Amino acid sequence: MLIDNPINSYELVFPILEIFHIAGFGVAIGATAAVDFRILGLLPVEQTPSELSKATSRWMLGGLLVAIFSGMELYTSDPDMYYLNWSFLIKMMCLIVVIVLNYTLHRKIVASNSTSGGAKAVACLSLALWASVIFGGIFIAFIRGGL
Amino acid sequence: MMQFAIWIENTEFFAYIRGSGYEFPVLLSLHLVGLAFFAGLILITDMRLLGWGLKGHSIATVVNATRWPKRIGFVWVAGCGFILGMSKAEGYFLNTFFQIKMMLFACVLIHALVFRPTVYNHPEELDKAPAIPGRAKLAAGLSLFLWLAILTMGRSIGYMGSPSGLHYSQLLKTILTLGRS
């Protein structure tokens, strides 16, 4: 028996899911960016990177989970379009790399409160990857060509 | 208002942005990147005011340290938003979600006018109180609500076009033609 995907059956479901998706990313990226700005010396707070990370890590994880699960639901609305779209593939690649980076090297650097050149390079990489995730998401609607 | 919208979206710069291939999505992406980076700073300030995080640090240090980065973030987001908005001004001015978003921005300005004198400009006084004052928690709660609502309305803009079949520039041209004849 073929069951209709409710995301395609009710016109309000997709925009509502997309709002949760963007809000989730906004919170997750914002929380991480604050820590990265602190490492880069662009956020003149007296709190160390690890203190900032401790205060924002739950928000980061919560936002990321909301973004991922709402994103998975959005994907089911038109899987063919998404997996053949270059922009979507780049977004997914950047997302996987930045999540792995965040919970490995980035976490170690934050815990050590280092603001060395290497730490700053990782913070820049983290910001660039998160920005690429946003660019990738926006460009899905503007790139028609695919694999 | 609609005459202004039609005029501004047809100026050389905004017409170029509207008709460009990738400039519009690049600006849209920069608008959202700024919003995401800016959101973290708002989150940190509001969490401290609500007593949900950074409790080991004074409210004054958190509020004072994030003040200028937040202002820079606001200029970035508002600058990109202004260019995006004016490049399709006619359609946006008729869009209910855009109108609500602008009203929410007005609420953000009112929020700043109301709470800056008592909360944001004197955070040292909040630290002296035995517990975080209610007005500070109210300011933080409203701030979170307003920015999430702005984000929601911003995304919703794309789901509503101008009223079907009624294109105001065409209507205006018809009226002007009829007036001349």
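Scroll up for the structure.
Quick caveat: nothing in here was measured; it's all calculated off a predicted structure.

Parameters and conventions
- Counting restarts for each chain, with residues numbered from 1 along the sequence as it is written.
- All chains are assigned letters beginning at A, and all ligands numbers beginning at 1, according to the order in which they are written.
- Under the rules for a predicted model, residues below a pLDDT of 70 receive no local features and side-chain atom pairs below 80 are neither given nor counted, while totals for whole chains, interfaces and linings still include all residues.
- Going along the chain from the N terminus, every DSSP run of H or I of four or more residues is numbered as a helix, and every run of E of two or more is numbered as a strand.
- Any residue with 12 or fewer other C-beta atoms within 10 Å of its own C-beta is exposed, any with 20 or more is buried, and the rest are partly exposed; the C-beta atoms used are placed from the backbone.
- Two residues form a contact once the distance between their C-beta atoms, set from the backbone, is within 7 Å.
- Gly falls in the polar group here, along with every residue not listed as nonpolar (Ala, Val, Leu, Ile, Met, Phe, Trp, Tyr, Cys, Pro) or charged (Asp, Glu, Lys, Arg).
- Axis lines are fitted to C-alpha atoms, over the contacting stretch for helices. Their N-to-C directions set the angle, which ranges from 0 to 180 degrees.
- Angle categories are assigned with fixed cut-offs, so that under 35 degrees is roughly parallel, over 145 is roughly antiparallel, 65 to 115 is roughly perpendicular, and the rest are oblique.
- In a left-handed crossing the near helix is turned counterclockwise from the far helix by less than a right angle, and in a right-handed crossing that turn is clockwise.

A. Representation of the overall build of chain A in the model. Counting its secondary structure elements, chain A contains seven helices and zero strands. In chain A, the succession of helices and strands from N to C terminus is α-α-α-α-α-α-α. Taken over the C-alpha atoms alone, chain A extends approximately 55 × 30 × 25 Å along its principal axes. When burial is assessed residue by residue, chain A has 41% of its 147 residues classed as buried.

B. Main features of the interface of chain B and chain A. Each side of the interface is counted separately: chain B has 28 residues, and chain A has 29 residues. Counting only elements with at least two residues in the side of chain B that touches chain A, the list comes to helix H3 (23-50), helix H4 (59-87) and helix H8 (134-156) of chain B. Tallying contributions element by element places H3(B) first for the side of chain B that touches chain A, with 14 residues. Per-class residue counts for the side of chain B that touches chain A are 19 nonpolar, eight polar and one charged.

C. Structural context of the packing of helix H2 (residues 13-40) of chain A against helix H7 (residues 117-139) of chain A. Residue and element names in this part refer to chain A. Put simply, H2 and H7 touch, their axes get as near as 9 Å, and they point 150° apart. Taken together, the axes of H2 and H7 are roughly antiparallel relative to one another. Where H2 crosses over H7, the two elements pack in a sense that is left-handed. Here H2 contributes Ile29, Thr32, Ala33, Asp36, Ile39 and Leu40 to the contact with H7, which in turn contributes Ala119, Lys120, Ala123, Ser126, Leu127 and Trp130. Per-class residue counts for the contact of H2 with H7 are eight nonpolar, two polar and two charged.

Without other data, these values stay purely geometric and don't point to any function.
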